[in-house]
Structure formats: C-alpha cells, structure tokens
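Coordinate analysis (summary)
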Amino acid sequence: RGFTTISEYYKDDPQGLTRLMNRFLTPLTNAIIERNGTIDKYIGDAIMAFWNAPLDDEEHEANACAAALEMLSRAEDLNVELKREAETNGGVYMPLRIGIGLNSGPCVVGNMGSDFRFNYSVLGDTVNLASRLESRTKDYRLSMVIGSRTADGAKNKYATMEIDLIQVKGKKQPEVVYTVLGPSEVEQDPRCGQLRDLHAQMLAAYRTQQWDEAKTLIDRCRKVANGFGVAGLYDMYIERMEAYQSDPPPSDWNGVYAAESK
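Remember, predicted model here, so these are calculated numbers, not experimental data. (Residues numbered from 1 in each chain as written. Predicted model: local features only at pLDDT ≥ 70, side-chain atom pairs only at ≥ 80, totals over all residues. Heavy atoms only, no water.)

Quick look at the pattern of salt bridges
Let me state the cut-off plainly: Salt bridges are counted wherever a side-chain nitrogen of Lys or Arg sits within 4 Å of a carboxyl oxygen of Asp or Glu. Under the scheme used here, helices are H or I runs from DSSP no shorter than 4 residues and strands are E runs no shorter than 2 residues, and both carry numbers assigned from the N terminus.
Evaluated as defined, the whole model comprises 18 salt bridges. Put simply, E76 and R97 hold a salt bridge, and the shortest N to O gap is 2.5 Å. On the criterion of sequence distance, the pair formed by E76 in helix α3 (residues 60-89) and R97 in the loop between α3 and β3 (100-102) is long-range, its members being 21 residues apart. Residue D235 pairs with R222 through a salt bridge whose shortest N-O separation is 3.0 Å.

Quick look at the packing of helix α2 (residues 14-33) against α3
Convention followed: Think of each axis as a best-fit line through the C-alpha atoms, taken over the contacting stretch in the case of a helix, with angles from 0 to 180 degrees between the N-to-C directions. Reported orientations rely on four angle classes, namely roughly parallel under 35 degrees, roughly antiparallel over 145, roughly perpendicular from 65 to 115, and oblique for the rest. If you view the pair so one helix is near and one far, a crossing is left-handed when the near helix is turned anticlockwise from the far one by less than a right angle, and right-handed when it is turned clockwise. Every residue pair with non-hydrogen atoms within 4.5 Å of one another is taken to be in contact. Amino acid classes used here: Ala, Val, Leu, Ile, Met, Phe, Trp, Tyr, Cys and Pro are nonpolar; Asp, Glu, Lys and Arg are charged; the rest, including Gly, are polar.
In the contact formed by α2 and α3, the axes pass within 8 Å of each other and the chain directions differ by 150 degrees. Judged by the inter-axis angle, α2 sits roughly antiparallel to α3. Seen from above, α2 lies across α3 with right-handed handedness. Between α2 and α3, the contacting residues are L20, R23, F24, P27, L28, N30, A31 and I32 on the first element and A67, E70, M71, R74, A75, L78, E81, L82 and E85 on the second. Per-class residue counts for the contact of α2 with α3 are eleven nonpolar, one polar and five charged.

Considering the environment of F116
The line we're drawing: Only protein chains enter the calculation, and the probe is 1.4 Å; a residue is then buried if its accessible area is under 20% of its type maximum, exposed if over 50%, and partly exposed in between.
Among the structural elements, F116 can be located in the loop between β4 (108-113) and β5 (118-123). Residue classification places F116 among the exposed positions, given a relative accessible area of 83%. Spatially, the C-alpha atoms of F116 and F3 are 32 Å apart, while their sequence positions differ by 113 residues.

A short note on the layout of surface pockets
Where empty space is left becomes clear once a probe the size of a water molecule has been rolled over the atoms. In plain terms, the rule: Cavity means a closed set of points on a 1 Å grid over the protein atoms alone, one where a 1.4 Å probe fits but cannot get out, pocket means an open set with protein on both sides within 12 Å along at least 5 of 7 lines, and lining means a residue has an atom within 4 Å of a point. Grid points are joined across faces, edges and corners, and a volume is the space filled by probe spheres set on the points.
In this model, the largest pocket occupies a volume close to 1100 Å³. I47, M48, A49, G101 and A130 are the residues nearest the centre of the largest pocket, which is lined by 45 residues in total. Elements supplying a minimum of two residues to the lining of the largest pocket: α1 (3-9), α2, β2 (46-50), α3, β3 and α4 (125-140). Lining the second largest pocket we find 15 residues, and of these Y10, L20, L82, E85 and V92 sit closest to its centre. Grouping the constituent residues of the lining of the second largest pocket by class yields nine nonpolar, three polar and three charged.

Description of the pairing of β2
This is how it is decided: In this description, strands pair whenever DSSP reports at least two bridges between them.
Strand direction decides the pairing type here: strand β1 (residues 38-43) and β2, joined by five bridges, are antiparallel. Of the residues in β2, the one forming a bridge with K41 is M48. Hairpin connection between β1 and β2: a loop of two residues separates the two successive antiparallel strands, and G44 in this loop has a positive phi of roughly 65 degrees.

With respect to the sheet that holds strand β9 (residues 257-258)
One open sheet holds the five strands; their spatial order is β3-β6-β8-β7-β9, and the pairing between them is mixed. Single-partner strands in this sheet number two, and they are β3 and β9. Pairing analysis gives eight bridges linking strand β7 (residues 158-167) to strand β8 (residues 175-183), with the strands arranged antiparallel. From the neighbouring strand, I166 faces β8, where its bridge partner is E175. In the packing of helix α6 (residues 190-207) onto the sheet, the strands contacted are β7 and β8, and the crossing angle to β7 comes to about 10 degrees. The strands that helix α8 (residues 231-246) touches are β7 and β9; relative to β7, the one it contacts most, it runs at about 25 degrees.

Points about the side chain of T150
Note the threshold: Pairing of N or O atoms within 3.5 Å defines a polar contact, subject to two protein rules: one partner must be a possible hydrogen donor and the other a possible acceptor, and residues neighboring in sequence count only if both atoms are side-chain atoms.
Mapped onto the elements of the fold, T150 is located in helix α5 (residues 148-154). Among the residues examined, T150 registers a relative accessible area of 1% and is labelled buried. Within the structure, the side chain of T150 is placed 2.7 Å from the side chain of S104, a separation counted as a polar contact. If near-sequence neighbours (up to four positions away) are discounted, T150 is found in contact with E61, C65, L102, N103 and S104.

Description of the nonpolar core
Note the cut-off: The set of buried Ala, Val, Leu, Ile, Met, Phe, Trp, Tyr and Cys residues whose side-chain atoms join them within 4.5 Å is what this entry labels a nonpolar core.
The biggest cluster of nonpolar side chains holds 37 residues, and the ones touching the most others in it are Y140, L195, M202, Y206, V230, Y234 and Y237. Secondary-structure elements contributing two or more residues to this core are α4, β7, β8, α6, α7 (211-224) and α8. In this structure Y237 touches I163, D164, M202, L203, Y206 and I218, once residues within four positions along its chain are discounted. In this structure, A31, A68, L102 and M144 belong to the second largest nonpolar core, which totals 33 residues.

Just distances and angles here, no functional claims.
Dropping the structure here:
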C-alpha cells in the first residue's frame, strides 16, 4: 500500500528502490514457498501466487492462509528494521503495508502466453475474483480478504469471520467474503466467539437497513475486537451506513454492496 508515494521518494535513486523491494519481496516470497505455494509472477510491488499446482495439495486453502499470515508477520518484522535504520541514519521511515486477497475454485493451470514467449500461470474467473478481493482490502481496511470457498476449506485450522456480501466490478453474482482472525487457537479466547456473534447481528441489522441498531452493535463489537485487526472494518461500515442514511438504497435492497471500482 502506498507504493506510489514510496516510489516518488526514490525517484532520484532507483537502485535504492530496487534494494528496498528486494528486501520486501524476499521474505514474503519465502513465506509462500515454505507453505507449498507456487510463485506465478511479480507485478511491480505485488506477488501473484497459487496453490495445488504443479503438485496436488489437499490443504491448499489452509496453506494459503498460513502463508498470508506469515507474510503479514514478516512485513512487520521488516518495518521494525526499517524504522530502526531510519532513526539511526536520520532517514525517513515509510512503513510497508500489504493487502492480501485469496480465493479458491476451478481454473486452468499451465503454460500460457504467445507462440514466442509464455510462462506457467493460472487463468479463470477464480483468479479474477482473487485479484478483486485483494483490491477490496483497501476499502475494508483489512490486511486480508478471502472468498467463501477458501474460508470453508481452511475453517478447521483458521478462525474466519464473514465481512460482507459484495458484487465486485465486472461480475453479476455476489460473493460472501471473509477475513481471517487468526489460527484456530484464537477461538479459545471467549472474545472471538463474542465478536463473531455480535458481528453477525450487526450484519443482519445492516442488511435490513436498521442503521441505528447496526451502529449500536458496532460499538459492542469494538469492545471485544481489540487484537483481531478489524477496527478499520467498523470505521468503513459506519461511513457506508451514514452514506446510505443520506441516500437510502431501494426498499428491496438485499444487502449486496456493488463495488464500483476494480
């Protein structure tokens, strides 16, 4: 996140930007490979990866979630190093933040491209939705957004929570999307169950346009949400509901949020 601003800072030092990106991409790449992921390509500051190919992986959803959480952890470790270096050298500290989108489903995997140049990649609606979910992390102010099939496949090892019913740009069917609260062990914390129960009640009130009730439930969610990384999500919902109160959705609205951008 904020890669354009970081690039501008290094506009007279492209080698410095390259060194920074190598320091950034290496630990994140390792986190993926260590959990059976396959690196597809690097797209500027982004990594595209997939699981369950070329070798079968019966736990590909859980491994993808594990890699995602490890990537977030290693990004924070790097930020600690960058902050210390900036303080020592008198430089500018610009924290590196990432957003991760995961989705599971059928797709084509193989060598793709032209007659002259190709690479081993993935293609299909499943892949497109994963990309859209990564973009939505900015709107939800979350580090990770995952599709329903990923959430279902990883539910025995990771605690997930539904966050929205969304229709991404370019698609006609809505998708229930989730975030990962942590490994399944976090479910032993009573606050995890309380949060998910209150959050489900909030979503029900929101989808029936009971805005004041939903806002009250958000206040209750906040009281047990500390440590689960979802504070920004509730800021987003407050802003969205205030917009709906000013410009109400139609009476037959079914709770689906239509994203206007990719």
